Structure formats: structure tokens, C-alpha cells
Amino acid sequence: MLNSIYNTSAYTVKLCMQDFYEDGIKRDRLLWTGDLRIEALVGYYCFGDIGLARKSLMQLADIQLPDGLIPGVGPDPNSKYLPDYCAYWVMALADYYRYSGDLYTVRLLYPTLQKLMEWFQANCDETGLFVKADRPGWWIFADWDESLDKRDRVMAMEALYYWALRDAVSLAQTAENPQDARTYSARAEKHSAAANTQ
């Protein structure tokens, strides 16, 4: 049974590996950042594929807004703003480097990362927590379960932002930017303390 589940799962991801990682072959067939992260991990393991993950990361970077936010879905510009999916983009880039060792792409996408991390910072309060996550036009996905509290400071968002900060530290070190690494590390410590206290 486990082999059958594995083979079905691998085949499903393979079907979603088209011009980018699609969210599903029978749904909207778009590049959703949250789906990309999981599908790319499967792609690395099952197929040894890094090229499609790289292309997908770059396609999402191409639609980054002037304020730094990366829409939650691509590859075309749109107004689907999912702050938690912005955190997934950072994680997906860190995963990509861990699996590929492709320093060139990390350096190429590093300005996108910097801009995104400043967008996160601009949406935090004085304690370092990500706030007003439920503002008009934004969608905190976290889970399909609508009974989850997704107002203002959303714990799932805080956890994902912290994870993104830790991955940003690693990426800054990889890109040989020690100042950014120190900045992101300090933000992570402040954020963690605030989340655990509040």
C-alpha cells in the first residue's frame, strides 16, 4: 500500500511539472508558491530535477511588486496577495540551494530576497510580529479550515515568518552578505521572543 501511495504521489507531481510547477492538472494549473515549495521537494527527491524549481522561483521573482511583496500565484502579475506564501518563497529558495548548490541562482535572486525581507519588516509592529494580516485584499491561507483565527497577528503566519527569517540568514551567508545575516538573525530573535511572550 505504501508503494502504491508513493507511486501515485510521484506520478501526480510529475504531471504537475509543465512550464512551471502547477498546483494541479485539473484545477487552475497555476504556479502557487505554497504548492511550488512542496512539489519542488518531491521533484528533487523523486526526479533529481532542479531546473523547473529554478524557473518557477524566477517566474515568481519576476512578478514581485515595487513594495517587495511577491503575489501568491504566478506566473503572470496579479493581485492575489498571500503573505504566508511570501514566506514559502524564501523557504523554497533556501531548499533549492540546499538541493542544488547553485550559488549563481541564489546571487541572482538575492536582491528579490532582500526586497521581500524589507516588505516583511515594514509589516511588523515594534515587537517584531507580523501584523494586520487580515487587511483587505490579503489572504492568509495557512489551511483551508476557515475556523482558524486569521485576524491581525496570525500564529501560523508568525511561525512561517520566523522560518523565513532563519532561511534568509542562511541565504545571506551563502550570498556572502554578513550584514544582512546579522540583521535577519536579530529580527528572528526579536520575533521569536515576542511570539512566545504574546
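Residues numbered from 1 in each chain as written. Predicted model: local features only at pLDDT ≥ 70, side-chain atom pairs only at ≥ 80, totals over all residues. Heavy atoms only, no water.

> Could you give me a rundown of the packing of aromatic side chains, with the residues and numbers involved?
Per the counting criterion, the structure on display carries 14 aromatic pairs. With a centroid separation of 6.4 Å and an interplanar angle of 90 degrees, the aromatic rings of tryptophan 32 and tyrosine 85 are classed as edge-to-face. One end of the pair, tryptophan 32, is in strand β1 (residues 31-32); the other, tyrosine 85, is in helix α4 (residues 83-100), with 53 residues separating them in the sequence. Both residues of the pair, tryptophan 32 and tyrosine 85, count as buried. Pairwise contacts between aromatic rings join Trp32, Tyr85, Tyr88, Trp139, Phe141 and Trp144 into one cluster. (Phe/Tyr/Trp six-rings, centres within 6.5 Å; stacked < 30°, edge-to-face > 60°. Helix = DSSP H or I, 4+ residues; strand = E, 2+ residues; numbered from the N terminus. Buried < 20%, exposed > 50% of the residue type's maximum accessible area, 1.4 Å probe, protein only.)

> Which residues make up the pattern of salt bridges, and what values do they have?
Evaluation of the coordinates by the stated rule reveals 11 salt bridges. For arginine 37, the salt bridge is made with aspartate 95, and the minimal N-O distance between the two is 2.7 Å. Highlighted residues: arginine 37 in helix α2 (residues 33-47) and aspartate 95 in helix α4, separated in sequence by 58 residues. Here arginine 37 matches aspartate 95 in class, with each residue buried. With its nearest N and O atoms 2.8 Å apart, the salt bridge here joins aspartate 95 to arginine 98. Remark: arginine 98 and aspartate 95 occur in helix α4; sequence separation between them is 3 residues, near one turn of the helix. (Salt bridge = Lys/Arg side-chain N within 4 Å of Asp/Glu carboxyl O.)

> Break down the nonpolar core for me, citing the residues and quoting the values.
Residues Tyr21, Trp89, Val90, Met117 and Phe120 are the most contacted members of the largest nonpolar core, which totals 53 residues. Mapped onto this core, the elements with two or more residues apiece are α2, α3 (51-62), α4, α5 (103-122), α6 (155-174) and α7 (178-197). The contacts of valine 90, once residues within four sequence positions are left out, are Leu113, Leu116, Met117, Ala164, Asp167, Ala168 and Leu171. Residues Val73, Leu82, Tyr85 and Phe141 belong to the second largest nonpolar core, which totals 5 residues. (Core = buried A, V, L, I, M, F, W, Y, C linked by side-chain atoms within 4.5 Å. Contact = heavy atoms within 4.5 Å.)

> Any chance you could break down the environment of arginine 37 for me, citing the residues and the numbers?
Among the residues examined, arginine 37 registers a relative accessible area of 10% and is labelled buried. Between the C-alpha atoms of arginine 37 and tyrosine 96, which are 59 residues apart in sequence, the distance is 9.1 Å. With near-sequence residues (within four places) excluded, arginine 37 lies in contact with Tyr88, Met91, Ala92, Asp95 and Trp163.

> Can you explain the packing of α5 against α7? Please cite residues and give values.
At a closest axis distance of 12 Å, the pairing of α5 and α7 adopts a crossing angle of 30 degrees. With respect to α7, the element α5 is oriented roughly parallel. Viewed along their axes, α5 and α7 form a crossing whose handedness is left-handed. Of the residues in α7, those in contact with Tyr110, Gln114, Met117, Glu118 and Gln121 of α5 are Asp180, Tyr184 and Arg187. (Axes fitted to C-alpha atoms, helices over the stretch in contact; angles between N-to-C directions. Parallel < 35°, antiparallel > 145°, perpendicular 65-115°, else oblique. Left-handed = near helix turned anticlockwise from the far one by under 90°.)

> Would you mind going over the environment of leucine 129 in detail, with residue names and values included?
Looking at the secondary structure, you find leucine 129 in the loop between α5 and α6. Given the relative accessible area of 4%, leucine 129 is considered buried. Separated by 65 residues in the primary sequence, leucine 129 and alanine 194 place their C-alpha atoms 6.8 Å from one another. If we skip the residues at most four places from it in the chain, leucine 129 touches Asn123, Cys124, Arg153, Glu158, His191, Ala194, Ala195 and Gln198.

> Please set out the environment of tryptophan 163 residue by residue, giving values where relevant.
Structurally, tryptophan 163 can be placed in helix α6. Sequence-wise, tryptophan 163 and valine 90 are 73 residues apart; in three dimensions their C-alpha atoms are separated by 8.8 Å. Ignoring any residue separated from it by four or fewer positions in sequence, one finds tryptophan 163 in contact with Arg37 and Met91.

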